[in-house]
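Working through the structure, step by step
Take a look at the letters that make up each chain.
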Amino acid sequence: MTTVYALHENPEWFPPFARAFEAEGVDVVEWLLTDGVLDLDSVPPEGIFWSRISASAHTRDHGLSKDYARSVLSWLEAHGRRTVNGRRVLELEMSKVDQLTALKAAGIDTPRTIAAVGRNRILEAAESFEAPFIVKHNQGGKGLGVRKFESHDELAEYVGSDGFEEPADGITLVQEFIQAAEPFITRAEIVGGRFVYAITADTARGGFQLCPADACAIDPHTGRPIMPPGATIAPEPDQQLFALRQDIDHRLVAQFEQFARLNNLEVCGIEFIETADGRVLTYDVNTNTNYNAAVEAVAPASAPRELVRYLKTLG
């Protein structure tokens, strides 16, 4: 088995994968893309290069990671190296516009969304929405910039305030507020184009920030559970926001598997919500997917192990 190079920027998210590589007997080298030097005349090492760069990298003071990853992946692919979630997939990770348009092109229903390019166009973009509605950052991850507004006046006050959160790429999405039939969203985990399992995430306690990694759940300053934006019930210590879901519609799973294959998404988590008015809306594609330890303990298969086993087939 050839060496796997894991391209990432957040060591806190990597331990479950490191354990999976060790358990499967596969050599892995972590390549942290925070800053560095890239000699374009050099030749990359032989190996499999798995990218898990996150759209939220800039929130960890890794503002250079995205463009560094673009450069590294372009260099690797120019030399014919095998990349997993490569250069094109990185762009999908960085843009919810990219994700939503790709989902719609595949015949998958998504929430009504208008993109405002520039802070001064947000109010215009929101004009055709009835309140309540939400705004979010196009370059997201971790629920970045997601806010619910009960009126257009409330939005105008926010956009004109010092508290406005400027999106990393200058693009803000205005989106219909989705009233869930039950207070949870579902995330389908896919590896190698095949469904592994689905999880639910408690939106009453998790709000808009539903990162399943254990490192996301605790405030590093207080050591207590985070009360995320959009949450209506405060999470309790040791309370699980995530659970294994058994009753996912297999027709939807088939759609997601086909979508992943069409877009060369070899590792991803796809999130959807079942609405109070009977719709099923898919709203997010995570290409640097993390897995929750509590779910892993009861899941029919380990997603990190499935990932490493898939990478073994490529070498």
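All values derive from a computational prediction rather than experimental measurement.

1. What about the sheet that holds strand E2 (residues 28-32)?
In space, the 4 strands of this open sheet follow the order E2-E1-E3-E4, with parallel pairing throughout. Strands with a single pairing partner mark the edges of an open sheet, and in this sheet they are E2 and strand E4 (82-84). Adjacent strand axes in the sheet meet at a mean angle of 25° when their direction is disregarded. In the sheet, strand E3 (residues 48-51) pairs with E4 via 3 bridges, with the strands oriented parallel. Paired with Trp50 across the two strands is Val84, which belongs to E4.

2. Here's the deal with the packing of helix H2 (residues 65-78) against helix H3 (residues 87-94)
As a packed pair, H2 and H3 sit with axes 9 Å apart at the nearest point and diverge in direction by 160°. Comparing the axis directions of H2 and H3 gives the class roughly antiparallel. In this structure, H2 crosses over H3, and the sense of that crossing is left-handed. Here Lys66, Ala69, Arg70, Leu73, Ser74 and Glu77 of H2 come into contact with H3, specifically with Arg87, Leu90, Glu91 and Met94. Broken down by class, the residue content of the contact of H2 with H3 amounts to 4 nonpolar, 1 polar and 5 charged.

3. Regarding the environment of Arg81
With respect to the helices, strands and loops of the structure, Arg81 is situated in the loop between H2 and E4. Owing to a relative accessible area of 13%, Arg81 belongs among the buried residues under this scheme. Excluding anything up to four places from it in sequence, Arg81 contacts Val43, Pro44, Pro45, Glu46, Phe49 and Leu76.

4. Details of the sheet that holds strand E5 (residues 113-117)
Pairing in this open sheet of 4 strands is antiparallel, and the strands run E5-E8-E6-E7 from one edge to the other. Either end of the sheet is taken by a strand with one partner, and the two such strands are E5 and strand E7 (147-149). The average undirected angle you get between the axes of adjacent strands in this sheet is 25°. In terms of strand pairing, E5 meets strand E8 (residues 171-176) through 5 bridges, oriented antiparallel. What sits directly across from Ala115, in E8, is Leu173. Helix H4 (residues 96-105) rests against E5, strand E6 (133-137) and E8 of the sheet, and its axis sits at about 45° to E8. Of the strands in this sheet, E6 and E7 touch helix H6 (residues 152-159), which is tilted by about 135° from E7.

Definitions and limits used
- Residues numbered from 1 in each chain as written.
- Predicted model: local features only at pLDDT ≥ 70, side-chain atom pairs only at ≥ 80, totals over all residues.
- Heavy atoms only, no water.
- Pairing = 2+ DSSP bridges.
- Helix = DSSP H or I, 4+ residues; strand = E, 2+ residues; numbered from the N terminus.
- Axes fitted to C-alpha atoms, helices over the stretch in contact; angles between N-to-C directions.
- Parallel < 35°, antiparallel > 145°, perpendicular 65-115°, else oblique.
- Left-handed = near helix turned anticlockwise from the far one by under 90°.
- Contact = heavy atoms within 4.5 Å.
- Nonpolar A, V, L, I, M, F, W, Y, C, P; charged D, E, K, R; others polar.
- Buried < 20%, exposed > 50% of the residue type's maximum accessible area, 1.4 Å probe, protein only.

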